[in-house]
Amino acid sequence: MSYHVTLIKSEKGYAVFCPSLPGCCSQGETEEEALQNIRIAMQEYLGVVSDDAEHPEIREVEVAI
């Protein structure tokens, strides 16, 4: 499966995040390193989401503030 990621160049390297996976982000000194790191982060993120789906006691509720 493919996902779009956003790369942001800075003085310290690259920040990268995946807009379709909220909170999934990483970084690297080079673009290649940042892309490899986000691949790992995305795999781990999707693994947790998959594990959560197997636990029916987990649910989302809306809270007004």
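In every chain, residue numbers begin from 1 and rise along the written sequence. A pLDDT threshold of at least 70 governs which residues receive local features in this predicted model, and a stricter bar of 80 or more applies before side-chain atom pairs are shown or counted, although totals over entire chains, interfaces and linings include all residues. Based on all heavy atoms of the structure, the side-chain values leave hydrogens and waters out of the count.

Student: Before we go on, may I ask you to explain the overall build of the protein chain in this structure?
Tutor: Within the protein chain, the secondary structure is distributed over one helix and three strands. Labels follow the DSSP assignment, with helices taken as runs of H or I lasting at least four residues and strands as runs of E lasting at least two, numbered in each case from the N terminus. If you list the helices and strands of the protein chain from N to C, you get β-β-β-α. Only protein chains enter the area calculation, which uses a 1.4 Å probe; residues under 20% of their type maximum are buried, those over 50% are exposed, and those in between are partly exposed. Counting all 65 residues of the protein chain, 17% fall into the buried class. Residues count as neighbours in contact if any of their non-hydrogen atoms are within 4.5 Å of one another. Long-range contacts, defined as pairs at least 24 residues apart, comprise 16% of the intrachain contacts of the protein chain with a sequence gap of at least 6. When the accessible surface of the protein chain is split by element, carbon and sulfur atoms take 53% of a total near 5600 Å². For accessible areas, the Shrake-Rupley method is used with a probe of radius 1.4 Å. Any residue's cover is judged against the shown protein chains and nothing else.

Student: Looking at this model, I keep getting lost on the sheet that holds strand β1 (residues 6-10). Mind explaining?
Tutor: Two modes of strand pairing occur in sheets, parallel and antiparallel, and in both the strands are linked by backbone hydrogen bonds. If you trace the three strands from one edge of the open sheet to the other, you get β1-β2-β3, paired in antiparallel fashion. Each edge of the open sheet carries a strand with a single partner, namely β1 and β3 (25-28). Across the sheet, the axes of successive neighbouring strands diverge by a mean angle of 20 degrees, strand direction being ignored. Following DSSP output, two strands are said to pair if at least two bridges run between them. Note on method: axes are straight lines fitted to C-alpha atoms, helices fitted across the in-contact stretch only, with angles between N-to-C directions ranging 0 to 180 degrees.

Student: Looking at this model, I keep getting lost on the environment of T30. Mind explaining?
Tutor: Among the secondary structure elements, T30 is positioned in the loop between β3 and α1 (31-53). C-alpha separation for the pair T30 and K12, spaced 18 residues apart in sequence, amounts to 9.1 Å. Any pair of nitrogen or oxygen atoms within 3.5 Å is treated as a polar contact; in protein, a donor-acceptor pairing is required on top of that, and neighbouring residues in sequence qualify only through side-chain atoms on both sides. Side-chain polar atoms of T30 contact the backbone nitrogen of E33, separated by 3.0 Å.

Student: Sorry, what's going on with the layout of surface pockets here?
Tutor: Where empty space is left in the structure can be found by rolling a water-sized probe over the atoms. For cavity detection a 1 Å grid was placed over the protein atoms alone, and a set of points counts as a cavity when a 1.4 Å probe fits there but cannot get out; an open set counts as a pocket when protein lies on both sides within 12 Å along at least five of seven lines, with lining residues being those that have an atom within 4 Å of a point. Grid points are joined across faces, edges and corners, and a volume is the space filled by probe spheres set on the points. Roughly 190 Å³ of internal volume is contained in the largest pocket. What lines the largest pocket is simply M1, Y3, V5, L35, I38, R39, M42, Q43 and L46. Considering only residue class, the lining of the largest pocket consists of seven nonpolar, one polar and one charged. For this classification, Asp, Glu, Lys and Arg are treated as charged, while Ala, Val, Leu, Ile, Met, Phe, Trp, Tyr, Cys and Pro are nonpolar and the rest, including Gly, are polar.

Student: Sorry, what's going on with the confidence of the model for the protein chain here?
Tutor: Any region with low pLDDT has predicted coordinates that should not be read closely. Confidence of the predictor in every single residue is expressed as pLDDT, which spans 0 to 100. Overall, the prediction assigns the protein chain a mean pLDDT of 89, with 88% of residues at 70 or greater. In the model of the protein chain, α1 stands out as the element of lowest mean pLDDT, 88, in contrast to strand β2 (residues 13-17), which has the highest, 98.

Student: Which parts of the structure should I look at to understand the nonpolar core?
Tutor: In a soluble, globular protein the nonpolar side chains are often hidden away together inside. Grouping buried Ala, Val, Leu, Ile, Met, Phe, Trp, Tyr and Cys residues that are joined through side-chain atoms within 4.5 Å yields what is termed a nonpolar core. Membership of the largest hydrophobic core is limited to nine residues, which are Y14, V16, C18, L21, C24, A34, I38, A41 and M42. Secondary structure elements with two or more residues in this core: β2 and α1. Considering each element in turn, this core owes the most residues, four residues, to α1.

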